[in-house]
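A look at the structure
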Amino acid sequence: MVREATRDDLDALLELYLFLHEDSIPEHSDHLRETWDKIIDDKDHHLIVNEVDGRIVSSCVCVIIPNLTRNVRPYAFVENVVTHGEFRKRGYAGECLDFAREIALQENCYKMMLLTGSKDPATHRFYQSAGYNSSDKTAYIQWL
């Protein structure tokens, strides 16, 4: 079942992020709680999860960004697409991305963007099959 995350999902998401690029779960601190509350309370920040038998097995983030161009239409940015290692290649991440697309359409976004650091051709094929392309824009990142 695909849905938006609730306040009670924090620990399950932190565990899932170990399959993204994290090597440990952050300590429960005031900073973590404040960040979580900020995410959950932001109407433009959509943390999407896919549950199987009550367990979160896949997730992505979709942020709606207000914009002054393109007839003052917002755009959506997708990040942190992840699936638990034991549940990959079953369509769960694709369902999360479909849910994000529905949100973007409801918000009248003119485009969706995502970045991946993966060099794996299978990952690129996955994003292409989800409707994304890598030919329209060039991404540059400055790590801070």
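Data block above holds the structure.
Read on for an overview of the structure. This one's a predicted model, so the numbers in the text were calculated from it and none came from an experiment. (Residues numbered from 1 in each chain as written. Predicted model: local features only at pLDDT ≥ 70, side-chain atom pairs only at ≥ 80, totals over all residues. Heavy atoms only, no water.)

Thoughts on the sheet that holds strand S5 (residues 112-114)
Strand pairing in a sheet takes place through backbone hydrogen bonds and is either antiparallel or parallel in direction. Just so we agree on the cut-off: Strands are treated as partners if at least two bridges between them are detected by DSSP. The way it works is that DSSP assigns letters per residue, a run of H or I at least four long becomes a helix, a run of E at least two long becomes a strand, and they are numbered from the N terminus. For helices, the axis comes from a line fit to the C-alpha atoms of the stretch in contact; other axes are also lines fit to C-alpha atoms, and the angle between any two N-to-C directions lies between 0 and 180 degrees. Contacts are assigned to residue pairs that have any heavy atoms within 4.5 Å of one another.
Sheet architecture is open: 5 strands sit in the order S1-S2-S3-S4-S5, paired in mixed fashion. Of all strands in the sheet, those bounded by a partner on one side alone are strand S1 (2-4) and S5. For this sheet, the mean angle separating the axes of adjacent strands, direction not counted, is 30 degrees. Against the sheet, helix H3 (residues 92-106) contacts S1, strand S2 (45-52), strand S3 (55-65), strand S4 (75-83) and S5, and its axis sits at roughly 30 degrees relative to S3.

Here's the deal with the packing of aromatic side chains
The following threshold applies: Any Phe, Tyr or Trp ring, taking Trp's six-membered ring, that has another such ring centre within 6.5 Å forms a pair; planes under 30 degrees apart are called stacked, those over 60 apart edge-to-face, and the others tilted. Exposed residues in this analysis have more than 50% of their type's maximum accessible area, buried residues have under 20%, and partly exposed residues fall in between, with area computed by a 1.4 Å probe over protein chains only. Comment: the charge-over-ring label is applied if NZ (Lys) or CZ (Arg) is within 6 Å of the ring centre and within 35 degrees of the ring normal.
The tally for this structure, following the rule as stated, stands at 3 aromatic pairs. Consider the rings of Phe-126 and Tyr-127, whose centres lie 5.2 Å apart with planes at 55 degrees: the pair is tilted. Owing to a relative accessible area of 27%, Phe-126 belongs among the partly exposed residues under this scheme. The ring of Tyr-75 has Lys-111 lying over it, and the distance from NZ or CZ to the ring centre is 5.4 Å.

Let's talk about the nonpolar core
It is characteristic of soluble globular proteins that their nonpolar side chains tend to be buried jointly. Rule in force here: Buried Ala, Val, Leu, Ile, Met, Phe, Trp, Tyr and Cys residues that are joined via side-chain atoms within 4.5 Å together make up what is termed a nonpolar core.
Grouped together as the largest cluster of nonpolar side chains are 18 residues, with contacts concentrated most on Cys-60 and Val-78. If you list the elements that add at least two residues to this core, you get S3, S4, H3 and S5. Residue contributions to this core peak at 6 residues, all from H3. When residues no more than four places from it in sequence are discounted, the contact partners of Val-78 are Cys-60, Val-61, Leu-97, Ala-100, Met-112, Met-113, Leu-114, Leu-115 and Tyr-132. Leu-14, Leu-16, Leu-32 and Trp-36 belong to the second-largest nonpolar core, a separate cluster that totals 13 residues.

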